[in-house]
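Here is what each chain is made of, one letter per residue.
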Amino acid sequence: MMMSDITFGQFIDTNSFVHKLDPRTKLLVLIVYIVFLFIADNFISIGVLLLLLLAGIICSKIPMIMYLKNIKAILPVVILTSLLNVFYVSGGKVLVDWWIITITSEGIYRALFMALRIILLILSSAVLSYTTSPTSLTGAIESLLKPLKYIGLSNAVHTMAMTMTIALRFIPTLIEETQKIMNAQKARGADLDSGNLIQRVKALLPILIPLLISSVRRAYELAEAMECRCYNGGEGRTKFRVMKYGLCDLLAGVLIIFVCAASIVLNVYYTQLISTVLAIF
Amino acid sequence: MSLLEVKNLTYTYGQGTPFVTHAVNDVSFSVENGEIIGLIGHTGSGKSTIVQMLNGLIEPENGTILFDGRNIKTDFKKIKEVRFNIGLVFQYPEYQLFEETVEKDIAYGPTNMGLSSDEIAERVKYAAELVGLTDEMLKKSPFDLSGGEKRRVAIAGIIAMRPKVLILDEPTAGLDPKGRDMILSRIKEYRNETGAAVIIVSHSMEDMAKTADKLLVMNRGNIEMFDKVSNVFSNVERLVDIGLDVPHVTKIAIELNKRGFDIPKNIFTVSDLKEAIISCKKGGNL
């Protein structure tokens, strides 16, 4: 995988309706969505979830190609999982029976289903990470974990959230830095793509050492900059952006959870629904 | 035949994403042996993209780069060979140092070239002397040196490969005036000793006036001017228009000229202005 394919934490501000939702709403809705994704047991209910996701993607006003990039990155995982399902799930009609390989209709069905489930999982997370800046996301986590203060963990929650914010903030910086150092060493004739395993690991040292040193340097500088601005932990710290739960959030949250629940109803009454439809015709 | 010939170079960032920018747009120029070219332009004008393409680090979308008449993409067995001939010193190169001693760090490039240990030792010595590093410094860890010294170590690391074209991306950024002069004079010396061509990316018009023979001015991915330093700096208004400037002494000379003093407008260094004022005074005009 190329470095530039990593889209994690890439916030794209198109200022859409989805961007404006409270990050806590988006986080909770995503968790609920993923749970229902795993409860969904047939194509009709997962289809409803797919439509819901498409609605979310369209509302986010971010070009589809950005989402497709995510799928490209995890394609090997999708293919591997699907293949395992094709070969190991038995039941239904036997389609191919050759040597030790048996492919059944149930296997194919399961494989397609799993592939769709993984893709939806990735895409739904992408909607969250594209529409929510890392800072507001960790803000949401901090806010949702607030109840922990009743068991004496209030400072720990803040420290954890701050650590996560900083870590997320520095992922792109470190990727960029790695790219720069790689280029600089390549300009000195470093060979990163050939040779046996030991040679390759050795070739990485000229990149890892400067990277480590600059990370430590950055950490010192950041700590100093934070102290200069009188940072002293979470006690009494107020927020620049105060998160407010609006009517929009409530409606969006309820609506999405309602659609998810509907998909599960379809799950349970799937066979009944099919027979009803058939009876009508 | 020129040492380095660039024809119709084009590069676009973020193809297929919402963030498409034409970093370099159909750029052609050539560089002769022994020339020092100053590559100037405001931030984001495509300077860094060009130098990385010259070195084969990014592949141009379109266009060819000929080194000594050979296409760097097709006429070399390995891209490494191109990089040994067209040496590139990145911005803030001191952050790429990694070896235990300065000596070993400078030897990294020559070692990758597959030279004999005698040859490597000789090249390290040559490069270290050229940039003014003492034998005592060679034994030290690069992390124990000052910022300016580290910068010189990093430049020596490229010079030790004896490139025929030496490219430096902002070699004097963040250095004090003494460190700046030191680096620039060493680069000039490398050119004088080896006859190599040098391309310096810079934001400092003063540095360029002192060092460069020709200036390549970039604006939004296009070449705005490519001419002798004096010709470029005579277009003050156009330079200001595209977010650049002329050296301070040039502005003073132009002002003096406007107010009727017999001082030429094409003055780019403090010593030239001094001479001009002295001769003007002798002529009884002051």
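Note that the structure is a prediction, hence the values are computed from the model and not measured. Counting of residues starts from 1 at the beginning of each chain's written sequence and follows it residue by residue. Whichever chain is written first is A, and whichever ligand is written first is 1; the rest continue in order. Per-residue local features of the predicted model are confined to residues with pLDDT of at least 70, and side-chain atom pairs are confined, for both listing and counting, to 80 or more; whole-chain, interface and lining totals are unaffected and use all residues. Hydrogens and water are ignored here; the side-chain numbers use all heavy atoms of the structure.

Colleague: Explanation requested: the overall build of chain B in the structure shown.
Modeller: The number of helices and strands found in chain B is 12 helices and 10 strands. Dimensions of chain B along its principal axes, counting C-alpha atoms only, are 65 × 50 × 40 Å. Here chain B holds 286 residues, and the buried ones make up 51% of them. In this analysis, two residues are considered to be in contact whenever any of their non-hydrogen atoms come within 4.5 Å of each other. For chain B, long-range pairs separated by at least 24 residues make up 63% of all intrachain contacts whose partners lie at least 6 apart in sequence. As displayed, chain B offers around 13,200 Å² of accessible surface, 48% of which is attributable to carbon and sulfur atoms. The charge count treats Lys and Arg as positive and Asp and Glu as negative. His and the chain ends do not count. Charge positions come from single atoms, namely NZ of Lys, CZ of Arg, CG of Asp or CD of Glu. Side-chain charges of chain B comprise 35 positive and 40 negative groups, with the mean position of each set lying 2 Å from the other. Helix and strand assignments come from DSSP, with helices taken as H or I runs of at least 4 residues and strands as E runs of at least 2, each series counted from the N terminus. Burial status follows relative accessibility: with a 1.4 Å probe on protein chains alone, a residue under 20% of its type maximum counts as buried, one over 50% as exposed, and anything between as partly exposed. Surface accessibility in these figures is a Shrake-Rupley result with a 1.4 Å probe; residues are shielded only by whichever protein chains are displayed.

Colleague: Is there a simple way to think about the packing of helix 3 (residues 43–59) of chain A against helix 5 (residues 105–131) of chain A in this case?
Modeller: A pair of packed helices is characterised by two quantities: the angle between their axes and the separation of those axes. Residue and element names in this part refer to chain A. Between helix 3 and helix 5, the least distance of the axes is 11 Å, while the angle of their chain directions is 25°. With respect to helix 5, the axis of helix 3 lies roughly parallel. Viewed along their axes, helix 3 and helix 5 form a crossing whose handedness is left-handed. For the pair helix 3 and helix 5, the contacting residues are F43, I46, L50, L53 and I57 in the first and Y109, L112, F113, L116, R117, L120, L123, S124 and V127 in the second. Following the grouping adopted for this structure description, the nonpolar residues are Ala, Val, Leu, Ile, Met, Phe, Trp, Tyr, Cys and Pro, the charged ones are Asp, Glu, Lys and Arg, and the polar ones are all others, Gly among them. Within the contact of helix 3 with helix 5, the residues separate by chemical class into 12 nonpolar, 1 polar and 1 charged. What counts as an axis is a line fitted to C-alpha atoms, over the stretch in contact for a helix, and the angles between N-to-C directions run from 0 to 180 degrees. When describing relative orientation, an angle under 35 degrees is termed roughly parallel and one over 145 degrees roughly antiparallel, while 65 to 115 degrees is termed roughly perpendicular and anything else oblique. For a crossing to be left-handed, the near helix must be turned anticlockwise from the far one by less than a right angle; the clockwise case is right-handed.

Colleague: Can you help me understand the packing of aromatic side chains in this one?
Modeller: Where two aromatic rings form a pair, the distance of their centres and the angle of their planes describe that pair. The aromatic pairing rule takes the rings of Phe, Tyr and Trp, using the six-membered ring of Trp, and pairs them if the centres are within 6.5 Å, calling planes under 30 degrees apart stacked, those over 60 edge-to-face and the rest tilted. Taken as a whole and assessed by the stated rule, the structure comprises 10 aromatic pairs over all chains. On the numbers, 6.4 Å between centres and 10° between planes, the contact of Y109 of chain A with F113 of chain A is stacked. Taken as a pair, Y109 of chain A and F113 of chain A lie in helix 5 at a separation of 4 residues, close to a single helical turn. Their ring planes at 50° and their centres at 5.4 Å tell us that F233 of chain B and F268 of chain B sit as a pair that is tilted. On the criterion of sequence distance, the pair formed by F233 of chain B in helix 9 (residues 229–233) and F268 of chain B in the loop between helix 11 (248–258) and helix 12 (270–282) is long-range, its members being 35 residues apart. Linked through ring pairs, F43, Y109 and F113 of chain A together constitute an aromatic cluster. Here R70 of chain B stacks its cationic end above the ring of F76 of chain B, 4.1 Å away from the centre of that ring. Here the guanidinium or amino end of K214 of chain B rests over the ring plane of F226 of chain B, the centre of that ring lying 4.4 Å away. By the criterion adopted, a ring carries a charge over it if an Arg CZ or a Lys NZ lies within 6 Å of its centre and within 35 degrees of its normal.

Colleague: Is there a simple way to explain the packing of helix 6 (residues 134–144) of chain A against helix 7 (residues 154–187) of chain A in this structure?
Modeller: All names here are of chain A. For the pair helix 6 and helix 7, the least separation of the axes is 9 Å and the interaxial angle reads 160°. One way to sum up the angle between helix 6 and helix 7 is to call them roughly antiparallel. Considering how the two elements wind past one another, helix 6 and helix 7 form a crossing that is right-handed. Facing P134, T135, T138, I141 and E142 of helix 6, the residues of helix 7 in contact are V157, H158, A161, M164, T165 and L168. Residue composition of the contact of helix 6 with helix 7, grouped by class: 6 nonpolar, 4 polar and 1 charged.

Colleague: Looking at this structure, how should I read helix 11 of chain B?
Modeller: Think of an α-helix as turning once every 3.6 residues; residues three or four places apart then point the same way. All names here are of chain B. Within the span of helix 11, buried status applies to V249, T250, A253 and I254. Axial view of helix 11: buried residues confined to an arc of 140°, hence all on one face. Exposed side of helix 11, more than 90 degrees from the buried face: H248 and K258 are the residues found there. Buried residues along helix 11 sit against helix 10 (236–241) and helix 12. At the C-terminal side of helix 11, G260 shows a positive phi close to 90°. Taken from the helix axis, the directions to the C-beta atoms give the arc we talk about.

Colleague: For this particular structure, what's the right way to read the sheet that holds strand 7 (residues 165–169) of chain B?
Modeller: Strands belonging to one sheet form pairs held by backbone hydrogen bonds; the direction of such a pair is parallel or antiparallel. All names here are of chain B. For two strands to count as paired, DSSP must find a minimum of two bridges between them. Reading across from one edge, 6-7-8-3-9-10 is the order of the 6 strands in this open sheet, with mixed pairing throughout. Lying at the two open borders of the sheet, with one neighbouring strand each, are strand 6 (86–89) and strand 10 (222–228). On average, adjacent strands in this sheet sit at an angle of 15° to one another, irrespective of strand direction. Pairing between strand 9 (residues 214–219) and strand 10: 6 bridges, direction antiparallel. Bridge pairing in strand 10 links L216 to F226. Here helix 1 (residues 47–54) sits on the sheet and contacts strand 3 (36–40), strand 6, strand 7, strand 8 (197–201) and strand 9; the angle it forms with strand 7, its principal contact strand, is near 150°.

Colleague: Even after reading the chapter, I still don't get the pattern of salt bridges, so can you show me in this structure?
Modeller: Pairing of side chains with opposite charge becomes possible as their charged atoms draw close. Residues and elements named next belong to chain B. Think of a salt bridge as a Lys or Arg side-chain nitrogen and an Asp or Glu carboxyl oxygen that are within 4 Å of each other. Across all of its chains, the model carries 22 salt bridges over all chains by this definition. K139 is the salt-bridge partner of E103, the closest N and O atoms lying 2.8 Å from each other. Of this pair, E103 sits in helix 3 (residues 102–112) while K139 sits in the loop between helix 5 (135–138) and helix 6 (147–159), and the two are 36 residues apart along the sequence. E103 sits in the partly exposed class, given a relative accessible area of 31%. The class of K139 is exposed, set by a relative accessible area of 59%. What emerges from the salt-bridge pattern is a single network uniting E224, R238 and D241.

Colleague: Explanation requested: the interface of chain A and chain B in the structure shown.
Modeller: By a widely used convention, the size of an interface equals the accessible area lost when the partners come together. The interface of chain A with chain B comprises 20 residues on the first partner and 24 residues on the second. What gets called buried area is simply the loss in accessible area from a 1.4 Å probe that two parts show on being joined, summed for both. The junction of chain A with chain B conceals about 1,900 Å² of combined surface from both sides, 63% of it contributed by carbon and sulfur atoms. Between chain A and chain B we count 2 salt bridges in total. In this structure, K80 of chain B engages D191 of chain A in a salt bridge whose closest nitrogen and oxygen atoms are separated by 3.6 Å. In the analysis that follows, any N or O atom pair within 3.5 Å is treated as a polar contact, provided that within protein one partner can donate a hydrogen and the other can accept it, and provided that, for residues neighboring in sequence, both atoms belong to side chains. Where chain A touches chain B, the interface holds 4 residue pairs in polar contact (both at pLDDT 80 or more). Contributing elements (two or more residues each) for the side of chain A that touches chain B: helix 4 (64–88), helix 7 and helix 8 (197–228) of chain A. If one sorts the elements of the side of chain A that touches chain B by residue count, helix 7 of chain A sits on top with 6 residues.

Colleague: Just checking my understanding: could you explain the domain arrangement of chain B for this structure?
Modeller: Residue and element names in this part refer to chain B. For every domain, the bounds stem from an assignment made automatically or drawn from a database. Domain boundaries in chain B define domain 1 (4–243) and domain 2 (247–286). Each of domain 1 and domain 2 has a C-alpha centre, and the two are 33 Å apart. Taken together, the contact pairs 8 residues of domain 1 with 5 residues of domain 2. Taking both sides of the interface into account, the surface hidden between domain 1 and domain 2 amounts to around 560 Å²; carbon and sulfur atoms contribute 81%. Inspection of the domain 1/domain 2 interface yields 0 salt bridges. On the surface where domain 1 and domain 2 come into contact, there are 1 residue pair in polar contact (both at pLDDT 80 or more). Among the secondary structure elements, those contributing two or more residues to the side of domain 1 that touches domain 2 are helix 8 (205–211) and helix 9. It is helix 8 that contributes the most residues to the side of domain 1 that touches domain 2, 4 residues altogether. Among the residues making up the side of domain 1 that touches domain 2, the classes are represented as 5 nonpolar, 1 polar and 2 charged.

Colleague: Even after reading the chapter, I still don't get the side chain of N71 of chain B, so can you show me in this structure?
Modeller: By secondary structure assignment, the location of N71 of chain B is in strand 5 (residues 70–71). Dropping the residues within four chain positions of it, N71 of chain B is found in contact with T64, I65, L66 and F76 of chain B.

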